[in-house]
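# Structural features, examined
The primary structure of each chain is shown beneath.
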2 protein chains.
Amino acid sequence: MDKKKNISMAVIKRLPKYHRYLQEMLNNDIDRISSKDLSEKIGFTASQIRQDLNCFGDFGQQGYGYNVRDLYTAIGNILGLTREYKTIIVGAGNIGQAIANYTRFEKVGFSLQGIFDINPKLTGMKIRDVEIRDIDELSSYVKTNHVDIGIICVPRINAQKVCDILVNNGIKGIWNFAPVDLNVPEDVVTENVHLSESLMTLSYLINEKEKDQQKSEK
Amino acid sequence: MDKKKNISMAVIKRLPKYHRYLQEMLNNDIDRISSKDLSEKIGFTASQIRQDLNCFGDFGQQGYGYNVRDLYTAIGNILGLTREYKTIIVGAGNIGQAIANYTRFEKVGFSLQGIFDINPKLTGMKIRDVEIRDIDELSSYVKTNHVDIGIICVPRINAQKVCDILVNNGIKGIWNFAPVDLNVPEDVVTENVHLSESLMTLSYLINEKEKDQQKSEK
């Protein structure tokens, strides 16, 4: 796997989708697939698929196609899904609770260890056996328990403050749901889920589609 | 605004971020900004910003910079935020409830009209004054009320079925939280929020960062 050099984020962002489709195939007992058939399922061109997978190593054989389990395992490796990640959620509001209740993440190795909130009415309550703790315990908890990933679900104005606490106590990655861009040092990575921005992309697309239709009706 | 031709999704995806930063500036009574200062705030290069905005028209003046309110309004126009969108949520589970409780969307014109679920225990309950209805009413509700956007928060296996009902009753756009790619006809647009994929991108980034650090320690 020494091929990996300067792989674009566009390629990286496609890998979880490959992983999802390959998992479905495994569930359906499909054990090999041509890049053409994979292309039809996943909606990328066959040449795109070959290019993408070539970034990471030599998968697939001429005339045979891809071994689904091997490819699934390899992509899982690339995505870092071969280990467990300790995660915590900060902010037990709507989004925080929804994420805490989402069991799908546990299955791929993201284990929820703690939930933190500033609201004393929530502390002591449990979501899926995980206790909601007071935000004052956040700093020592992260440090003592070697938490890998902090999931930030607090309001925008508190997000950077929470982020700083996480970073100062050794967190490696931040999954950020607050509608703000966080400042982190170089050794920490962030991934944002900005729901408003996604919804605005949708409204853009709706409007463009309508304009196109109006044009074609003229 | 006749400049708009073949604008890449990468540019489109950046527009909501401009919108968010410009809104913050308006809130802080900043009424003009140079592309250099905007660049420092938003983290894109000044030349990227000029290029992005040039796709849509002539914003900004040499030596003056951008008028914040004009640019905010123009980007809002491009994003289609000048009208109201009637939205409904299908699936009142964790994510559906979280989205229903999120008031931020209303402020930019996305108005929640109805929530639908298959679970009879939930029907009749309300989230923020919006009643949860039985899924059997979905089809007629969407048709009668001219709903613009359907927000799909049902489990993966039901998502395409729900999507088909929405599409057959005239929905224009689908905001999809189910971990599946939906098939829609050409006149309907979709925008996905695939949380697992976002989390896998984060684990990829964490692993890459660790590999880099191990290399540099050698």
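Residues numbered from 1 in each chain as written. Chains lettered and ligands numbered in written order. Predicted model: local features only at pLDDT ≥ 70, side-chain atom pairs only at ≥ 80, totals over all residues. Heavy atoms only, no water.

An unreviewed UniProt entry lists chain A under the name Redox-sensing transcriptional repressor Rex, with Clostridium oryzae given as the organism. Quoted verbatim from the Subunit (unreviewed entry) field of the UniProt record, the comment on chain A reads "Homodimer." (UniProt positions renumbered as here; feature names shortened; annotations may be inferred.)

## What to know about the interface of chain B and chain A
Opposite the 62 residues of chain B that make contact, chain A presents 62 residues. Carbon and sulfur atoms make up 62% of the surface buried where chain B meets chain A, a total of about 5,900 Å² over both sides. Sorting the residues of chain B by area buried against chain A places Leu199(B), Met200(B) and Tyr204(B) first, and these three jointly supply 12% of that buried surface. At the junction of chain B and chain A, the tally comes to twelve salt bridges. One can count 29 residue pairs in polar contact (both at pLDDT 80 or more) joining chain B with chain A. For the side of chain B that touches chain A, the leading source of residues is helix 9 (residues 195–217) of chain B, giving 18 residues. Of the residues assigned to the side of chain B that touches chain A, the class counts are 30 nonpolar, 14 polar and 18 charged. (Contact = heavy atoms within 4.5 Å. Buried area = accessible area lost by both parts, 1.4 Å probe. Salt bridge = Lys/Arg side-chain N within 4 Å of Asp/Glu carboxyl O. Polar contact = N/O pair within 3.5 Å; in protein donor to acceptor, adjacent residues only side chain to side chain. Helix = DSSP H or I, 4+ residues; strand = E, 2+ residues; numbered from the N terminus. Nonpolar A, V, L, I, M, F, W, Y, C, P; charged D, E, K, R; others polar.)

## Quick look at the environment of Asn176(B)
Residue and element names in this part refer to chain B. Note that Asn-176 resides in strand 8 (residues 173–176). Considering only alpha carbons, one finds Asn-176 and Glu-210, 34 residues apart in sequence, at a separation of 33 Å. Other than its neighbours up to four places away in sequence, Asn-176 contacts Ile-152, Leu-182, Glu-191, Asn-192, Val-193 and His-194. Side-chain polar atoms of Asn-176 contact the backbone nitrogen of Ala-178, separated by 2.9 Å. Among the polar contacts made by the side chain of Asn-176, one reaches the main-chain carbonyl oxygen of Val-180 at a distance of 2.9 Å.

## With respect to the sheet that holds strand 7 (residues 149–152) of chain A
Overall, mixed pairing links the seven strands, which are arranged 5-6-4-3-7-8-9 (chain A) in an open sheet. Lying at the two open borders of the sheet, with one neighbouring strand each, are strand 5 (126–127) and strand 9 (189–192) of chain A. In this structure, strand 8 (residues 173–176) of chain A lies alongside strand 9 of chain A, joined through four bridges in parallel fashion. Each bridged residue has a counterpart across the sheet, and for Trp175(A) the counterpart in strand 9 of chain A is Glu191(A). Lying over the sheet, helix 7 (residues 138–145) of chain A contacts strand 3 (85–90), strand 4 (110–117) and strand 6 (130–134) of chain A, oriented at roughly 175° with respect to strand 3 of chain A. Here helix 9 of chain B sits on the sheet and contacts strand 3, strand 4, strand 7, strand 8 and strand 9 of chain A; the angle it forms with strand 9 of chain A, its principal contact strand, is near 165°. (Pairing = 2+ DSSP bridges. Axes fitted to C-alpha atoms, helices over the stretch in contact; angles between N-to-C directions.)

## Some thoughts on the pairing of strand 3 (residues 85–90) of chain B
Side-chain direction in a regular strand flips from residue to residue, so the side chains alternate between the two faces of the sheet. Residues and elements named next belong to chain B. Counting buried positions over the six residues of strand 3 gives five, a clear majority of the element. Bridge analysis of strand 3 against strand 4 (residues 110–117) gives six bridges, and the strand direction is parallel. Residue pairing across strands places Tyr-85 opposite Phe-110, the latter belonging to strand 4. Of the strand pairs in this sheet, strand 3 and strand 7 (residues 149–152) are connected by four bridges, and their pairing is parallel. Residue pairing for strand 7: Thr-87 is matched across the bridge by Ile-149. (Buried < 20%, exposed > 50% of the residue type's maximum accessible area, 1.4 Å probe, protein only.)

## A look at the packing of aromatic side chains
All names here are of chain A. Enumeration over the complete set of coordinates arrives at twelve aromatic pairs over all chains. On the numbers, 4.8 Å between centres and 50° between planes, the contact of Tyr-102 with Phe-105 is tilted. The pair formed by Tyr-102 and Phe-105 is uniform in burial state, with each residue classed as buried. Each ring, one from Phe-105 and one from Trp-175, has its centre 5.5 Å from the other, and the planes form 80°; the classification is edge-to-face. With a gap of 70 residues between them, Phe-105 in helix 6 (residues 104–107) and Trp-175 in strand 8 connect regions that are remote in the sequence. For the pair Phe-105 and Trp-175, a shared accessibility class is recorded, and that class is buried. (Phe/Tyr/Trp six-rings, centres within 6.5 Å; stacked < 30°, edge-to-face > 60°.)

## Quick notes on the UniProt feature "domain: CoA-binding" (unreviewed entry) in chain A
Taking the UniProt record as the reference, the feature "domain: CoA-binding" (unreviewed entry) is found at residues 80–181 of chain A. Across residues 80–181 of chain A, helical content stands at 31% and strand content at 28%; the span's end C-alpha atoms are separated by 24 Å.

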